[in-house]
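Fold and geometry: a report
Here is how the chains run, residue by residue.
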Protein chains: 2
Amino acid sequence: MAEGSARRCLRLEPAAAREVLGAADTLLFDCDGVLWRGDAAVAGAPAALSRLQARAKRLCYVTNNSSRTRDAYAEKLRRLGFPPAEPRQVFGSAYCAARYLSRALPPDAAAYVLGSPALGAELRAVGVPHLGPGPAALPGPGPADWTRAPLDPAVRAVLVGFDEHFCYAKLCQALRYLQRGGPDCLLVGTNRDHRLPLEGGAAIPGTGCLVKAVEMAAEREAFIIGKPSRYIFDCVASEFKIEPARTIMVGDRLDTDILMGNNCGLTTLLTLTGVTTLEEVKGHQESDCPSRKSLVPDYYVDSIADLLPALED
Amino acid sequence: MAEGSARRCLRLEPAAAREVLGAADTLLFDCDGVLWRGDAAVAGAPAALSRLQARAKRLCYVTNNSSRTRDAYAEKLRRLGFPPAEPRQVFGSAYCAARYLSRALPPDAAAYVLGSPALGAELRAVGVPHLGPGPAALPGPGPADWTRAPLDPAVRAVLVGFDEHFCYAKLCQALRYLQRGGPDCLLVGTNRDHRLPLEGGAAIPGTGCLVKAVEMAAEREAFIIGKPSRYIFDCVASEFKIEPARTIMVGDRLDTDILMGNNCGLTTLLTLTGVTTLEEVKGHQESDCPSRKSLVPDYYVDSIADLLPALED
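Residues numbered from 1 in each chain as written. Chains lettered and ligands numbered in written order. Predicted model: local features only at pLDDT ≥ 70, side-chain atom pairs only at ≥ 80, totals over all residues. Heavy atoms only, no water.

Per the secondary structure count, chain A includes twelve helices and 16 strands. Taking 313 residues into account, the globule formula puts the C-alpha radius of gyration at 20 Å, and chain A, at 20 Å, falls close to it. Expressed as lengths along the three principal axes of its C-alpha atoms, the size of chain A is roughly 70 × 45 × 35 Å. The proportion of buried residues among the 313 residues of chain A is 55%. A total of about 12500 Å² of accessible surface is found on chain A, and carbon and sulfur atoms cover 52% of it. (Helix = DSSP H or I, 4+ residues; strand = E, 2+ residues; numbered from the N terminus. Rg over C-alpha atoms; globule rule 2.2 N^0.38 Å. Buried < 20%, exposed > 50% of the residue type's maximum accessible area, 1.4 Å probe, protein only. Areas by Shrake-Rupley, 256 points an atom, 1.4 Å probe, with all protein chains shown as cover.)

This is the structure in structure tokens:
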């Protein structure tokens, strides 16, 4: 985006698309709501990505979902007919959180994890010892018992991701590790998403709810890995040579995908196949509030299939 | 406190105490950290309350703890040697939440409760149907199953209190009831306490952490029953004839007890047997910030046993 000018959320018609895509060498895609919805590919999305790849664009996948490994994302892309991706093109908040801890923790220090087996697998892959995934129970009938449960002496970080086994027992242990370690115990959250939307308008509580509960108990703020944090973009940029000015962030959420892209100096492209309507964008655009204006993308499409005409020979 | 003058957190020496207590007809006591710590009475506290009662002062007990019924508090007061109290002198956040819902809900509407059996008992006592206390499990392996679990058609409120069985399954159900009912489904929290302090410096996560998780999932704010909300004082004032100017709030916490007392026009007395130090008060007192100044009490004592000399014949 030109410095100083306001982002205008222009519809990316084929002529403009040819220009915008021509000026880019890398595209970062959010996944759910952009490439697929649940277990079905967005119609035309696999073809659009195949053509982008045929034009030698670098494709990366940037997702706040902490319940899947890089390998699982590569496999899902393959299964839904997207061009083959290597796991290293996938930047999920599970992998990026593991990467963060592998650099921030002293050798042999461990993480207490409120999260999925996938989060555990990514930690294992980068050599960070950990405990926590799976169900947990309070170790006795009363508060005095709860604060006497054993603590692992190696734990120097609490990592909060999506955890269907989140419970009061885990919240207690997280607080105890954070109290024991003080500022020497890291507190990391994979993302702050309030909800995860499902097909048909249903939704389940997102990781942000769990991060917030731990933050409030610990009376401190977590370091956040996922969008809109720029850490997840820094992971991409440290793995590949990325020029922000030649990079497009494609997403369906304003407060994560678009905000991160705007904050990192990328060109931002909203697709309407996910959770956002054009009316919401207009509200932000017409607002006087700088933080709302930072949610406005440069461009939008109804679906990334709309990029196909600009990619014909 | 005199209108317009700043509260000064003066030590309540016997001469001043005689005057302050003489001008009061009602004292509201927080319990844990004021009357007792864990299961032991603060030395001299039972004698101080007995003498206050002998002087025909009305004594009430105002606590954010949602894990005990009024009856259980009356019994604990008796067991620790305090003057006999009737359950109607006890204003716990469990009772007050039940009272709120019994007035706010339409007839036969039910509450989904994240809370203790005591919270359930108080709801039963005022005739509010409810479900929820106790353990809960997710109804299947994946998100699609979670959003298909049965919902009680009568539920028109979600009530969040202290819940050692708090878990992701309950967070899901709370969100579903709130989404189904929209603004017609009430969201009520017993209190926002971050932590519950235990003896020896340990602490467990407080109800505020659980309320926050539900608020974030639901993307709306809960109505709060406990201190510093004035609702809990309004409960006292509707049960007894209370003149705020002739009422003293005695507590150990600035952001709950003292703030509520100050907001409601009561005389506020801090006791140092609980979680607060004089240094914290000084920090607020010297601050320019009005919201910090509102945490400064009128008076303090090291212990409410310090009131004894002023109560001698």
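Picking up after the structure, the text goes on.
So, on to the relation of the copies chain B and chain A. Expressed as a screw transformation, the operator carrying chain B onto chain A has a rotation angle of 180° and an axial translation of 0.0 Å, and the superposed copies differ by an RMSD of 0.0 Å. Such a combination of turn and shift is consistent with a two-fold rotation axis. Across chain B, the smallest distance between a C-alpha and the rotation axis is recorded for B:Cys167, namely 2.0 Å. In this assembly, 100% of the residues forming the interface of chain B have copies in chain A that are likewise at the interface, indicating an isologous arrangement. (Least-squares fit on C-alpha atoms with pLDDT ≥ 70 in both. Contact = heavy atoms within 4.5 Å.)

Attention now goes to the pairing of strand β5 (residues 58–63) of chain A. Residue and element names in this part refer to chain A. In terms of burial, β5 is largely enclosed, as five of its six residues are buried. Relative to β5, strand β2 (residues 26–29) runs parallel, the two sharing four bridges. Its bridge partner being in β5, Thr26 is matched across the sheet by Arg58. (Pairing = 2+ DSSP bridges.)

Counting 58 residues, the largest nonpolar core has A:Val158 and B:Val158 as its most contacted members. Listed by contribution, the elements that provide at least two residues to this core are β7 (110–114), β9 (155–160), α7 (168–181) and α8 (207–218) of chain A together with β7 (110–114), β9 (155–160), α7 (168–181) and α8 (207–218) of chain B. (Core = buried A, V, L, I, M, F, W, Y, C linked by side-chain atoms within 4.5 Å.)

All names here are of chain B. Along the chain, the position of Asn64 falls in the loop between β5 (58–63) and α3 (70–79). The buried category is assigned to Asn64, whose relative accessible area is 5%. Those residues in contact with Asn64, other than ones at most four positions away along the chain, are Ser93, Asn191, Asp193, Gly226, Lys227, Ile232 and Thr256.

Residues and elements named next belong to chain A. UniProt records the feature "active site" (unreviewed entry) for Asp30 and Asp32 in the present numbering. Setting aside its immediate chain neighbours within four residues, Asp30 contacts Leu35, Val62, Thr63, Lys227, Met249, Val250, Gly251, Asp252 and Asp257. Engagement of the side chain of Asp30 in a polar contact is seen with the side chain of Lys227, the distance being 3.0 Å. With respect to the element layout, Asp32 can be found in the loop between β2 and β3 (36–37). The class of Asp32 is partly exposed, set by a relative accessible area of 37%. Sequence-distant contacts of Asp32, that is, excluding residues within four places in its chain, are made with Arg37, Gly38, Pro197 and Asp252. (UniProt positions renumbered as here; feature names shortened; annotations may be inferred. Polar contact = N/O pair within 3.5 Å; in protein donor to acceptor, adjacent residues only side chain to side chain.)

Turning to the sheet that holds strand β15 (residues 267–271) of chain A, a few remarks are in order. Whether parallel or antiparallel, the strands of a sheet pair through hydrogen bonds between backbone atoms. Residue and element names in this part refer to chain A. With respect to topology, seven strands assemble into an open sheet ordered β1-β16-β15-β14-β2-β5-β6, the strand pairing being parallel. Every other strand in the sheet has two partners, leaving β1 (10–11) and β6 (90–92) as the edge strands with one partner each. With three bridges joining them, β5 and β6 adopt parallel strand pairing. Residue pairing in the sheet places Val62 in a bridge with Phe91 of β6. Packing against the sheet, helix α10 (residues 254–263) makes contact with β14 (247–251) and β15, and its axis sits at approximately 160° to β15. (Axes fitted to C-alpha atoms, helices over the stretch in contact; angles between N-to-C directions.)

Time to look at the UniProt feature "binding site: Mg(2+)" (unreviewed entry) in chain A. Residue and element names in this part refer to chain A. Mapped onto the present numbering, the UniProt feature "binding site: Mg(2+)" (unreviewed entry) falls on Asp30, Asp32 and Asp252. A stretch of 223 residues holds the annotated residues, and the largest C-alpha distance among them is 8.4 Å, short enough that they meet in one place. Among the secondary structure elements, Asp252 is positioned in the loop between β14 and α10. Apart from the residues within four sequence positions on either side, Asp252 is in contact with Asp30, Asp32, Gly33, Val34, Asp257, Leu270, Thr271, Gly274, Val275 and Thr276.

Attention now goes to the sheet that holds β7(B). Residues and elements named next belong to chain B. Strand order in the open sheet made by the five strands is β8-β7-β9-β10-β13, with parallel pairing throughout. The two strands at the open ends of the sheet, each matched to only one other strand, are β8 (130–131) and β13 (223–224). As paired elements, β7 and β9 share five bridges and run parallel to each other. Bridging from a neighbouring strand, Tyr112 pairs with Val158 of β9. With respect to the sheet, α8 is in contact with β7, β9, β10 (186–189) and β13, its orientation differing from that of β9 by roughly 140°.

With that settled, consider the interface of chain B and chain A. Across the contact, 34 residues belong to chain B and 34 residues belong to chain A. For the pair chain B and chain A, the summed buried surface comes to about 3100 Å²; carbon and sulfur atoms form 67% of the total. Among the residues chain B hides against chain A, the three largest losses belong to B:Tyr168, B:Arg195 and B:Met216. Together they make up 24% of the total. Put simply, chain B and chain A have zero salt bridges between them. Looking at the side of chain B that touches chain A element by element, the count peaks at eight residues for α8(B). Each residue belonging to the side of chain B that touches chain A can be placed in one class, and the counts come to 23 nonpolar, five polar and six charged. (Buried area = accessible area lost by both parts, 1.4 Å probe. Salt bridge = Lys/Arg side-chain N within 4 Å of Asp/Glu carboxyl O. Nonpolar A, V, L, I, M, F, W, Y, C, P; charged D, E, K, R; others polar.)

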